[in-house]
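Observations on chain architecture
In case you want the letters, here they are:
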Amino acid sequence: MATARASFALAASSSSSADAAAKSAAATGAGARVESEAVALADQHGQEVKDDDEEHGEEQEKEKKEVQAKEGEEKTQPLPTLPLEGLRRNVEAALATVVSNDRPADDSGSNHTSAAGSRVDIYSLSELKHMAHGRPLDLSKAFVINFRRLLELQKIFAILHELIRSTAIAALTLVAAGDGWQMGYSIMFVIILFGLYGFHAARYDTMDTTDFLHIAAILDDDDCFGASGCIKNPNRLLKAVALSRRGRRKRASLTILIFAAICLTMWYLCLGSWAGSFSGTTSAAFGEDEFYPTLLLVGTLMLGFCVIFDWFYWRETQCIMSAVGAAGSSTAAGTPAPFDPQKHGIPRSHRLLGLPAMWFTSKEAYDDLRLWISMSQQYHSRQAWRPSTSSRQSLGSKIFPEELAIFALNRQGGGQLANALRNAKLFGVEDQAFFTRDCDENGAYLRQLESNEEPESLNMRLVFFDSHTGQYYEPEEVPFEGFAHHLSRLASRMSRN
């Protein structure tokens, strides 16, 4: 009995051990299957990533080959042919003779004899740069801005303006009314000081382009429809330039002379009183009381500052360089040529203080710009343009070129002004039509364009001059975009569409 129980217990123990072994083997098999499936998934993901990398690499390699092919095509493209004949010969001659910025001085002023005895043209480095860009250096009709000088001039004018303003304020603090003489003297000098300051403020206001920018942004270009379609006329910058009546220099000189005569008379009375020449008279009070000499000194200082400012203003902003002969001395020496500091140097009239901040290369350039501006702004400008045998304009208005010059110092302003000066058309605001200049037996006159004619462009160049290196720079033309449009013209455009 005991033996049977022992056998049964041993069998049960063996059976439970077998079941446990079977369960353990099953668990081990399941873990192996899970591990194998994970390895398979990892291999599949790695293969997909590898395939994506290979595909992306092939795309990058393809794009790289396309870029290289495009660059190769651009490099193999032939260079554009320059429109100027003999440029290669001129460059070789310039390099062989080590040309400086100035042309060599000889009998012709523009040619040089080579070793072979042939005549070749020699150009300055600045001219060669313009030739390389397909634009010859032509100053026959240009507005030149001496930009370094203009920047210095703005600082000088700011200092003089501050001195004049401070002097005017000081004069107001010195007025007195102790008696009738003091009151009359104070009123007279306050009127003079206010007149001088107002006269000066009008000058100094043209050096500030804030109003110019606001007006230009509101105005619109005078584009019109013609036989060939819409004719672009980028003249909004010209329409924003300030105008004044003709003879402003004479009015300025007359005003200064009158005030100077008053100051000299007062100084005569004051000095005579100090010397005892007017003892026992009413005029002796000018030297006995410090009120009169003090106010007189302040007024004289302000007059002096105004004279200095006005002289600098006219010298730096209202200059028209006269043409010189081929030999660089006078117009009688050959065909007149526009003034060029590289070839002609500094004129004798400007050697003391240097070249001005801006100048026109010819009287024709200044007159044409004045005509374009006046026609685009004023009514009856066509009648004011009086014909003459010399075909010179005689409009009754003056312009302020310093507004254009200061505006051009801006990065975008230079290109916008260059576009306006070159492509603006002769447009009459009164007739809302394009005009051209013509001549008959009675002289020059303005007339409207006929249906088969093209409008006349201003065709003036904007050039920056570097006084340190003597080189020229020309900005790229950029259109000016405003935010307003002429209503009647906009309506006509919409009706045509």
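Since the model is a prediction, treat every value here as computed from it, not as a measurement.

Let us look at the overall build of the chain. When helices and strands are tallied, the chain shows 16 helices and 13 strands. Counting over 497 residues, the chain shows a buried share of 37%. Long-range contacts, defined as pairs at least 24 residues apart, comprise 72% of the intrachain contacts of the chain with a sequence gap of at least 6. Entry remark: accessible area of the chain is about 28500 Å², with carbon and sulfur atoms responsible for 58%.

Once that is clear, we can look at the confidence of the model for the chain. Predicted coordinates in regions of low pLDDT should not be interpreted in detail. Considering every residue of the chain, the mean pLDDT works out to 73; 62% of them sit at 70 or more. Between residues 1-15, whose pLDDT stays under 50, and residues either more than four places distant or in other chains, the model counts zero contacts. Across residues 326-333, confidence stays below pLDDT 50; counting only partners more than four residues off in sequence or on other chains, it has 12 contacts.

Another aspect to go through is the nonpolar core. Among the nonpolar cores identified, the biggest contains 70 residues, and Phe143, Ile145, Leu369 and Leu421 are the most heavily contacted of them. If one sorts the elements of this core by residue count, helix 10 (residues 291-317) sits on top with 12 residues. With 12 residues, the next largest nonpolar core counts Leu137, Leu139, Leu355 and Trp359 among its residues.

Turning next to the pairing of strand 10 (residues 433-440). Examined bridge by bridge, strand 9 (residues 427-428) and strand 10 share two bridges and lie antiparallel to one another. Paired with glycine 428 across the bridge in strand 10 is alanine 433. Between strand 9 and the antiparallel strand that follows it, strand 10, lie four residues; glutamine 432 among them carries a positive phi value of about 50 degrees.

About the thresholds
- Residues numbered from 1 in each chain as written.
- Predicted model: local features only at pLDDT ≥ 70, side-chain atom pairs only at ≥ 80, totals over all residues.
- Heavy atoms only, no water.
- Helix = DSSP H or I, 4+ residues; strand = E, 2+ residues; numbered from the N terminus.
- Buried < 20%, exposed > 50% of the residue type's maximum accessible area, 1.4 Å probe, protein only.
- Contact = heavy atoms within 4.5 Å.
- Areas by Shrake-Rupley, 256 points an atom, 1.4 Å probe, with all protein chains shown as cover.
- pLDDT = per-residue confidence, 0-100.
- Core = buried A, V, L, I, M, F, W, Y, C linked by side-chain atoms within 4.5 Å.
- Pairing = 2+ DSSP bridges.

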